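Secondary and tertiary structure notes
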Amino acid sequence: MSAGASFYITTPIFYVNDVPHIGHAYTEVAADLLARWHRQAGEDAWLLTGTDEHGQKILRTATANGVTPKEWADRLVETAWKPLLKTVDIKNDDFIRTTDERHEVNAQKFLQHLYDAGHIYTGEYEGFYCVGCEEYKQPSDLIEGTGEFIGQQVCAIHSLPVELLHEKNYFFRMSTFADRLLALYEDDPDFVQPAAARNEVISFVKQGLSDLSISRSSFDWGIKVPWDDSHVVYVWFDALLNYITAAGYGQDDERFSRLWPATHIVGKDILRFHAVIWPAMLMAAGLPVPRRVFGHGWLLVGGEKMSKSKLTGIAPSQITDTFGSDAFRYYFMRAISFGQDGSFSWEDLSARYQSELANGFGNLASRVIAMVVRYCDGEIPVTTAFTDADAAIRATEIRVTDAAGEAISRLAIHEAIASVWELVDELNGYITTQEPWGLAKDPADRDRLDAVLFTAVRGLGTLAVLLSPVVPEACAKLWSALGGEGLVTDQRIDRAWEWTGGTHVSPLEALFPRIEATVG
RNA sequence: GGGGCGGUAGCUCAGCUGGUUAGAGCAGCGGACUCAUAAUCCGUCGGUCCCGGGUUCAAGUCCCGGCCGCCCUACCA
């Protein structure tokens, strides 16, 4: 984490046909939190997100809705996906759409480069085609036929026989990269994380790779293959390239070499595309592979993967409307070990909101600021006489700052927050033990009262800086109530304990007000 | 079929290369306090560590065999 270094982090790009649910928001928040953290560590952090807009499904949906695919994508980007970023307070530096000219043009350059270098050849794709679905089916999508189709494999959706079709396709020689990929996983054990994800990727590649069909000619909503415009690029091949086209590949070499390679945060369901296909593509192009690929877990509702069909899909706004974006961010980042599946429940969300945010952090801020207002007319005491108890708080501030930073460097977001919370808890205990309200009764204890309140205020300042990437809204309010200079987001997080802040506090509304009504 | 991960207090989870009486948070119960969003602090209750073998002076922690759950086994994003 050296200052000035670049930290480029990405989320997957959203397939515009989907409806935003908390899983999408979860990925965004995780990447955003990491980006904010690194930004506050003085690095040149750059968060990319965006949308994936090509492919047959989108064409089909658009047609069904009587609009062009581009119009359809425009609509969803504006009404669904960009609003999602606002809903959970994402501070992205860029938003790329695969229909952006910068993407299409440079993705073509990439493809042409691979073609010229001999990594692409003309082949024949053979597959089972369902006329009803108008697409190729995997054997696993087929079921045993019934009635007049007994003994045949039929489409699971249409229950009709599929046809074995051949189609001319362009293929990427991915198979030739298997050994280099395995060497990559071996040499850089952190390339794919967490370990469970790495294991799966390795065993997958060890089974041997076949070449990848990267073009389609049965529909035309996509990026044209530069040397053959009767083909469009396979959506995944197209989509993955967003990570470099957004960074200036093919267009701004200086910028590209400064930013790339990136850290990719993805759901484990699309891990393989990012940990196998994508690095193989980059190797073929002679570009550096990603810095690392982190596959996070799924959100489970009632022990099962969230799904629309089971009515367990939850829109992020359902949560933020009641609890706010900070609570959303805090809850999912704190309650779930990043990398593992995590269970979501309204009960757990409410419980953590109440005990950790409202009673823990929020109330700590309230009680400290209220006492400074009440006993010191809002003036933050200046003092130099500290006791062991004060020094212990100081030591904790430094310790958790270091521990949290170390955890973040391992992408252990939940551990980082847990570390910071040790300071929340310790400060609450400190105040109870020091009894500033008792000290305030006797003028002879004035110096001691000053030291206690100063220590508490400074501790709050440290918390505001450390928690800003997690709960940015609350921390901005707190920082300003503490009279801190500038923006809390400009305070160095790796030296969060360096309180230089204000002279006066101003009254603070509850950061996390009690929520009475039961939700869900 | 092959492979991965997991099964630890009511709930959510920690327990690294095996080693003192198995931990945390929340919930529950009791007490203290009053600055604060009836918040905070202290104490306390609570577990056959999925089951059965084995290795070892010693196993939640390693090995074998089961049972249960989730996931991967490629070109739908």
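Nothing here was measured: the structure is a model prediction, and the numbers come from that model.

Reading guide: rules and limits
- Residues numbered from 1 in each chain as written.
- Chains lettered and ligands numbered in written order.
- Predicted model: local features only at pLDDT ≥ 70, side-chain atom pairs only at ≥ 80, totals over all residues.
- Heavy atoms only, no water.
- Core = buried A, V, L, I, M, F, W, Y, C linked by side-chain atoms within 4.5 Å.
- Buried < 20%, exposed > 50% of the residue type's maximum accessible area, 1.4 Å probe, protein only.
- Helix = DSSP H or I, 4+ residues; strand = E, 2+ residues; numbered from the N terminus.
- Contact = heavy atoms within 4.5 Å.
- Salt bridge = Lys/Arg side-chain N within 4 Å of Asp/Glu carboxyl O.
- Phe/Tyr/Trp six-rings, centres within 6.5 Å; stacked < 30°, edge-to-face > 60°.
- 1 Å grid on protein atoms, 1.4 Å probe; cavity = no way out; pocket = protein on both sides within 12 Å on 5 of 7 lines; lining within 4 Å.
- Points joined across faces, edges and corners; volume = space filled by probe spheres on them.
- Nonpolar A, V, L, I, M, F, W, Y, C, P; charged D, E, K, R; others polar.
- Lys, Arg positive; Asp, Glu negative; His and termini not counted.
- Polar contact = N/O pair within 3.5 Å; in protein donor to acceptor, adjacent residues only side chain to side chain.

Considerations on the nonpolar core
The biggest cluster of nonpolar side chains holds 108 residues, and the ones touching the most others in it are Ile319, Phe332, Phe344, Phe361, Leu463 and Leu478. A total of 13 residues in this core trace back to one element, the largest contributor, which is helix H13 (residues 346-376). Not counting residues up to four positions away in its chain, the partners in contact with Phe332 are Ile22, Tyr26, Leu299, Ile319 and Phe344.

Here's the deal with unusual backbone geometry
For the bond running from Gln193 to Pro194, omega is -10 degrees, close enough to zero to count as cis. Note on placement: Pro194 falls in the loop between strand S10 (192-193) and helix H6 (195-206). At the junction of Trp260 and Pro261, the peptide bond is cis and its omega measures out at 5 degrees in the coordinates. In this fold, Pro261 is placed in the loop between helix H9 (253-259) and strand S15 (263-267). Here Asp377, not a glycine, exhibits a phi torsion of approximately 55 degrees, which is positive. By the secondary structure assignment, Asp377 is in the loop between H13 and helix H14 (388-409).

Details of the pattern of salt bridges
Evaluated as defined, the whole model comprises 25 salt bridges. A salt bridge links Arg352 to Glu356; its shortest N-O distance comes to 2.9 Å. Placement of both Arg352 and Glu356 in helix H13 is noted, with a separation of four residues, approximately one turn of the helix. Take Glu356: its relative accessible area is 15%, and that puts it in the buried class. Connected through salt bridges with shared partners, the residues Asp32, Arg36, Asp89 and Arg329 form a single ionic network.

Describing the packing of aromatic side chains
By the definition in use, this model includes 31 aromatic pairs. Ring plane angle 85 degrees and centroid distance 5.8 Å describe the contact between Trp479 and Trp499, whose orientation is recorded as edge-to-face. Separated by 20 residues along the polypeptide, Trp479 in helix H18 (residues 472-481) and Trp499 in the segment after H18 bring together distant segments of the chain. Looking at Trp479, the relative accessible area reads 5%, which means it is buried. Taken together, the ring pairs in this structure connect Tyr8, Trp46, Phe110, Phe172, Phe177, Phe237, Tyr243, Tyr249, Phe256, Trp260 and Trp278 into an aromatic cluster.

Points about the layout of surface pockets
If you roll a probe as big as a water molecule over the atoms, it shows you where there is empty space left. Approximately 370 Å³ is the volume attributed to the second largest pocket. In terms of lining residues, the second largest pocket is bounded by 17 residues, among which Ala196, Ala197, Glu200, Lys268 and Leu271 are the most central. At the level of secondary structure, the elements contributing two or more residues to the lining of the second largest pocket comprise H6 and helix H10 (271-285). Counting residues per element, the lining of the second largest pocket draws most heavily on H6, which supplies five residues. In terms of residue class, the lining of the second largest pocket is built from eight nonpolar, four polar and five charged.

Topic: the side chain of Asp326
With respect to the secondary-structure elements, Asp326 resides in helix H12 (residues 325-335). Of the side chains with opposite charge, Arg329 comes closest to the buried, unpaired Asp326, at an N-O distance of 5.0 Å. A polar contact is formed between the side chain of Asp326 and the backbone nitrogen of Ala474, at a distance of 2.7 Å. Other than its neighbours up to four places away in sequence, Asp326 contacts Val470, Val471, Pro472, Glu473, Ala474 and Phe512.

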